Number of protein chains: 2
Amino acid sequence: MTVELKNPPAETLATDCRAMAERAKAASEVLVSCSTAAKNKWLLAAAAAIEAHAPELLAANARDVEAAPGFGLNAAAVDRLKLTPTRIKSAADGLRQVAALPDPVGEVREGGLRPNGLQVLKVGVPIGVVFFIYESRPNVTADAAALCVKSGNAVILRGGKEAIHSNTALHRILADSLDQCGLPADAVQLVTSLDRAAVGHFLRMPQLIDLAIPRGGKGLIERVVSEAMMPVMKHYDGNCHVYVDAAADLDMAERIVINAKCARPGVCNATESLLVHAAIADVFLPKIGAALTARGVEIRGCEETRKRLPAAKLATEADHRAEFLDLIISVKVVETLDVAVSHINEYGSKHTDAIITRDLAASRRFTQRVDSAAVIVNASTRFNDGFELGLGAEIGISTDKFHARGPCGLRELTTYKYVVTGDGQVRE
Amino acid sequence: MTVELKNPPAETLATDCRAMAERAKAASEVLVSCSTAAKNKWLLAAAAAIEAHAPELLAANARDVEAAPGFGLNAAAVDRLKLTPTRIKSAADGLRQVAALPDPVGEVREGGLRPNGLQVLKVGVPIGVVFFIYESRPNVTADAAALCVKSGNAVILRGGKEAIHSNTALHRILADSLDQCGLPADAVQLVTSLDRAAVGHFLRMPQLIDLAIPRGGKGLIERVVSEAMMPVMKHYDGNCHVYVDAAADLDMAERIVINAKCARPGVCNATESLLVHAAIADVFLPKIGAALTARGVEIRGCEETRKRLPAAKLATEADHRAEFLDLIISVKVVETLDVAVSHINEYGSKHTDAIITRDLAASRRFTQRVDSAAVIVNASTRFNDGFELGLGAEIGISTDKFHARGPCGLRELTTYKYVVTGDGQVRE
C-alpha cells in the first residue's frame, strides 16, 4: 500500500477536513446508542485482525523506519516508531483490555426521587467527537481508537508524519473491522494529509468537534491550546516531588526516592525534586546521596544540601522548576512541612507529589494543601498512572483542574446528562 | 459612601488587576483547608450583617437607581437593579441556604484499596480562584460570593457599572464579615474600576485565575470565551423543546406545554419550540392552539401546523432556532420520534428538551439520543434548575459538555485530586 504524500491545495484541504468532521459527527450520533456488547465485539475483532495482519503492519512500518532518518529521528525515536511482533501483540492485547473495562456510557452516577416524585438520574454519556493529535508511536493509534469508541466517541486521529504508513495500515484494519461489526467505519478516521494547516482547520470547528487531545511535546500542546476553539485535555510538565518529613522512615524514604527517580527516569511521574526536612538532613542526605550517586544520578542541591553533599552541584532556580526526564535530581532542605508545601505549589507542576512520614497530622496537612492531581503518602510518585490507580487504560494524564485531573481513562472521555422522569409534573 | 468613578491610567490598572489576582490566589490557599464549620459561620454572620446594614444598602442602591436612566436602562432593567427590604432579606436567606448545603470539599467521591495495598481516594477540592463577570442584579453579588467561598474558592467579582454603589456596599459587608470570622477578606474581592480593559487583564492571567464565569448577554459571553486563557463555565441559549409523542396523554401534554411556555417566559428553561407527532396533530394542535392563544401566546408554525391552526404565522428557520424569552412559540409537526430527535439535536441548544409519552420504548429512545444537559419525560422543561434537581443554589446553568453540564452548584465549583496512601510501596 502506498500513501500519497503530496498535499492537496489549501481550499481542498479545508473542505476535506470539514467533510471528515461531519462524518465523525454523524458516526458519533450512531455510537451514542451502541450497546456495550457491540463495542466490545468490535474491540475483540479488531484485536484479532491486528494480529492476523501483522505481516502487512510490519511491512508498512518498515517503510516508516526506512524514511525515519530523513525526518531527523534519533535512535531512541526510531526505536519508539518501530513495530515488532511483540509490539503488535501488545497493541492487540491493549484492545482486549479496553473490552474488559466497564462502559462509562449509561452509568448512573447519581440518582433519586425529588419530593414532587420526579426521578432525577445523572447518566454518563459520550462527549461526542474527539480530535486526537499525537506523535510518532504507532501503538497509540490503536489505544486511542479503542478508548474513544468504547466511551461512545468518534475520533479523528492525526498522528506524526514519521508514522504515516504504519498508522494508515493500522487505521485500515480498525475501520474495516468497525464496518464488519456493524459499527460506523467513520467512528475512527485518520488524517492522512501531512499539511500542518489541517490541524488548524479541525481546531476551528467547535460545532463539530467537542474535545481536542494533544499528546506530545510542549510546543504541540501550546499550539493546540492557543488555536483550539473547543476544550483541550492536556498534559504539560511532570515536575514531581518527594518530601521526606522529619518523621519519615528513612529506609522507606530511600527505597521510594530511588524507585521514583531511577526506575524509569523518562516518564512524567518520575520524581525530579527531593525536599528534605532540616531535622533529618544530616542523616538522610549522605544516605540518599550515596544511593543516588551509585545509580549514576546527578544531584543539584541548595546550599544546605551541599553542606551535607559537597560533591553536589549548586541548583539554580531553573533546576527546581525542571522536568529533567533524566538521571538528574534537584534537592532542597526545608525548615518545615509548610515550606515544603509552598515550594511544591510554587515550583511544581500540579502533577504528582509525595510525602514520606510516620506522622498522621503531617500527612493530613500535606495531602490537603498540596494542589496536585495526585498527592501520595509513603509510596512512589510512579503510582500516578491509570492502571495503578484502577482506571484501566488511559488516553493521557491531565495537568488541568477542569473536567478531569490526573489519568484520563474511559470515564474521563465522557460527560453526563440529567434524565428526569415524571408523570405530568409542572412547576408552580 | 462615594465610589470613585474615574478610572486609573492604563498601566496602574494592569498592576492593580494583577495585585488583586495575587491576593485572591493567596486567599484561595487559605480557603482550601478551611473547615466547613468556619465557612458556614461566615455565611450566617454575613446574612445577619446584610440584614443589619439594610439602610446602608438601600441608600447605596438608591444612587444606582437614580443614575440608571443615564446608563440607558429600561424599566424592567431598573426593576431588576432595585433593592427592597424583601430583596435584601432574600439575599440574606440565600446565604443561609448555602450554609445548609453539604460541603463538596473533602467529599470522597470514590475510593478503595488496590491489590498492592495502596488506598486510592478521589477527593473533592476547590478549583482555586474564580473570576465572575455579571450584569446588573445586585443579589447575584451575595449569591456568587457565598457559592464560591463555601466551595473553597476565592472569587473576584466584576458586576455591572449600573450596580456599582450597591455592589460596593454589599462587598464591604461581605469582606468585613469574612475578616470578623477569621477568614481572609480577599476571598471575596470586587473590581471597582469601570474600565472594560480590567476584564481583559484578568482573562489573561491563567496562572492566577483558574476559572472564568460570565453571566449575562451573549455578547459578554462571546467576549469572555474569545479572550480567556483559562477555562470558561458558560451558558448560551436555552431553546428548549417539548415533543408530544403519538402515545402522549394529551391532557398532560397540554398542562406541561402551558406551564413550560407561559409560567415564566423570560427564563432559560422556558419552552420555545413544540414538536407534535403527525398521528395526533389533528387532535392536539387545535386543543393546544386554543389554550396558548387564550394565554396570549403567538404561534409560529410549519405548513402542517397551519393546516390545523390557520391563524398561526408561518415559522421561519430562525424561528425554529430562536430563544424567544417571550410569549411566542414555534411549532412543527414531525412524522416520527426520530425526526423529532434529529430536529432537536440540529435546532436546539443542548439545554432542556422534553418528551410527553406513555410509551416506554419511545421514552428510552428519546432520552438516549437527545444530546442535551437535561432530557425530561412527562414533566415541564422548567425543572432544569439547581433547586429542582436537588443541587441547591446554582452559579449558572452550563450549556457546555466539558466539566459540568446543566445547573452548576457547589460541587460543580470544585474539582478533585487523588490521595494515595501506602506503607512504602514502590513500582516494579
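Quick notes on the rules
Residues numbered from 1 in each chain as written. Chains lettered and ligands numbered in written order. Predicted model: local features only at pLDDT ≥ 70, side-chain atom pairs only at ≥ 80, totals over all residues. Pairing = 2+ DSSP bridges. Helix = DSSP H or I, 4+ residues; strand = E, 2+ residues; numbered from the N terminus. Axes fitted to C-alpha atoms, helices over the stretch in contact; angles between N-to-C directions. Contact = placed C-beta atoms within 7 Å. Nonpolar A, V, L, I, M, F, W, Y, C, P; charged D, E, K, R; others polar. Core = buried A, V, L, I, M, F, W, Y, C linked by C-beta atoms within 7 Å. Buried ≥ 20, exposed ≤ 12 C-beta atoms within 10 Å, placed from the backbone. Right-handed = clockwise from strand over helix to strand, strands pointing away. Parallel < 35°, antiparallel > 145°, perpendicular 65-115°, else oblique. Least-squares fit on C-alpha atoms with pLDDT ≥ 70 in both. Expected span 1.5 Å × (residues − 1). Domains from an automatic or database assignment. Left-handed = near helix turned anticlockwise from the far one by under 90°.

Chemist: Run through the sheet that holds strand β4 (residues 154-158) of chain B, naming residues and quoting values.
Modeler: Residue and element names in this part refer to chain B. What the four strands build is an open sheet, ordered β5-β4-β3-β6; its pairing is parallel. Each having just a single partner strand, β5 (188-190) and β6 (211-215) make up the two edges of the open sheet. The mean angle between the axes of side-by-side strands here comes to 20°, regardless of whether they run parallel or antiparallel. In this structure, strand β3 (residues 129-134) lies alongside β6, joined through five bridges in parallel fashion. Each bridged residue has a counterpart across the sheet, and for Y134 the counterpart in β6 is R215. Helix α1 (residues 10-31) contacts β3, β4 and β5 of the sheet and is inclined by roughly 145° relative to β4. Against the sheet, helix α9 (residues 218-227) contacts β3 and β6, and its axis sits at roughly 165° relative to β6.

Chemist: A description of the interface of chain B and chain A should follow, citing residues and the corresponding values.
Modeler: With 50 residues of chain B at the interface, the matching set in chain A holds 50 residues. Taken together, the elements giving at least two residues each to the side of chain B that touches chain A come down to α10 (250-262), α15 (360-369), β13 (374-379), α16 (386-389) and β16 (414-425) of chain B. Residue contributions to the side of chain B that touches chain A peak at 11 residues, all from β16 of chain B. Taken together, the residues of the side of chain B that touches chain A break down into 23 nonpolar, 16 polar and 11 charged. Two strands pair when backbone bridges link them, and strand β13 (residues 374-379) of chain A and β16 of chain B are joined in this way by five bridges, in the parallel orientation. When the bridges of β16 of chain B are listed, I376 of chain A appears paired with V420 of chain B.

Chemist: Can you break down the nonpolar core residue by residue, with the values?
Modeler: Residue and element names in this part refer to chain A. The biggest cluster of nonpolar side chains holds 76 residues, and the ones touching the most others in it are A21, A145, V155, I156, F202 and A212. The element that contributes the greatest number of residues to this core is helix α6 (residues 139-150), accounting for eight residues. Non-local contacts of V155, meaning those with residues more than four positions away in its chain, are made with V130, F132, A144, A145, C148 and V188.

Chemist: An account of the sheet that holds strand β1 (residues 108-113) of chain A is needed here, citing residue identities and associated values.
Modeler: Taken together, 10 strands build an open sheet; the order of strands is β1(A)-β2(A)-β16(A)-β13(B)-β12(B)-β7(B)-β8(B)-β11(B)-β9(B)-β10(B) and the sheet is mixed. Single-partner strands in this sheet number two, and they are β1 of chain A together with β10 (313-314) of chain B. Packed on one face of the sheet, helix α11 (residues 278-294) of chain B meets β7 (240-244), β8 (271-277), β9 (298-301) and β11 (328-334) of chain B and runs near 145° to β8 of chain B.

Chemist: Could you give an account of the pairing of β7 of chain B, naming the residues involved and the relevant values?
Modeler: Residues and elements named next belong to chain B. Within β7, five of the five residues are buried, leaving the element largely enclosed by the surrounding structure. The alternating pattern of β7 places C240, V242 and V244 and H241 and Y243 on opposite faces, both of which are buried. Here β7 pairs with β8 via five bridges, running parallel. Looking at the pairing, V244 lines up with V276 of β8. Assessed by its sense of winding, the connection that carries the chain from β7 through α10 to β8 is right-handed.

Chemist: Tell me what's going on with the packing of helix α5 (residues 85-100) of chain A against α6 of chain A, and back it up with residues and numbers.
Modeler: Residues and elements named next belong to chain A. One can describe the packing of α5 onto α6 by two numbers: an axis separation of 9 Å at closest approach and a directional angle of 10°. Considered as vectors, α5 and α6 are oriented roughly parallel to each other. On the side of α5, the interface is formed by R87, S90, A91, G94, L95 and V98, while α6 contributes N139, A142, D143, A146, L147 and K150.

Chemist: So what about the relation of the copies chain B and chain A? Which residues, and what values?
Modeler: With an RMSD of 0.0 Å, chain B superimposes on chain A once it is rotated by 180° and translated 0.0 Å along the axis. Considering both components of the superposition, the chain copies are consistent with a two-fold axis. Within chain B, the C-alpha atom positioned nearest to the axis of rotation is that of H403 of chain B, 1.8 Å from it.

Chemist: Can you lay out helix α10 (residues 250-262) of chain A for me, pointing to particular residues and giving the numbers?
Modeler: The first and last C-alpha atoms of α10 of chain A sit 18 Å apart over 13 residues, in line with the 18 Å expected at 1.5 Å per residue. Turning to α10 of chain A, its buried residues are M252, A253, I256, V257, N259, A260 and K261 of chain A.

Chemist: So, the domain arrangement of chain A: which residues are in play, and what are the values?
Modeler: Here chain A is described as being made up of domain 1 (10-233 + 410-418) and domain 2 (240-388). Placing a centre on the C-alpha atoms of domain 1 of chain A and another on those of domain 2 of chain A gives a separation of 36 Å.

Chemist: Just give me the short version of the packing of α10 of chain A against helix α11 (residues 278-294) of chain A, but keep the residues and values in it.
Modeler: Residue and element names in this part refer to chain A. Where α10 meets α11, the closest approach of the two axes is 10 Å, and the angle between their N-to-C directions is 40°. One finds that α10 runs oblique with respect to α11. The interaxial crossing formed by α10 with α11 has right-handed handedness. On the side of α10, the interface is formed by L250, A253, E254, V257, I258 and K261, while α11 contributes I280, V283, F284, K287, I288, A291 and L292.

Chemist: Let's hear about the environment of F132 of chain B: which residues, and what values?
Modeler: Mapping F132 of chain B onto the fold places it in strand β3. With residues up to four places along the chain from it excluded, the contact list for F132 of chain B reads A144, V155, L157, R158 and I213 of chain B.

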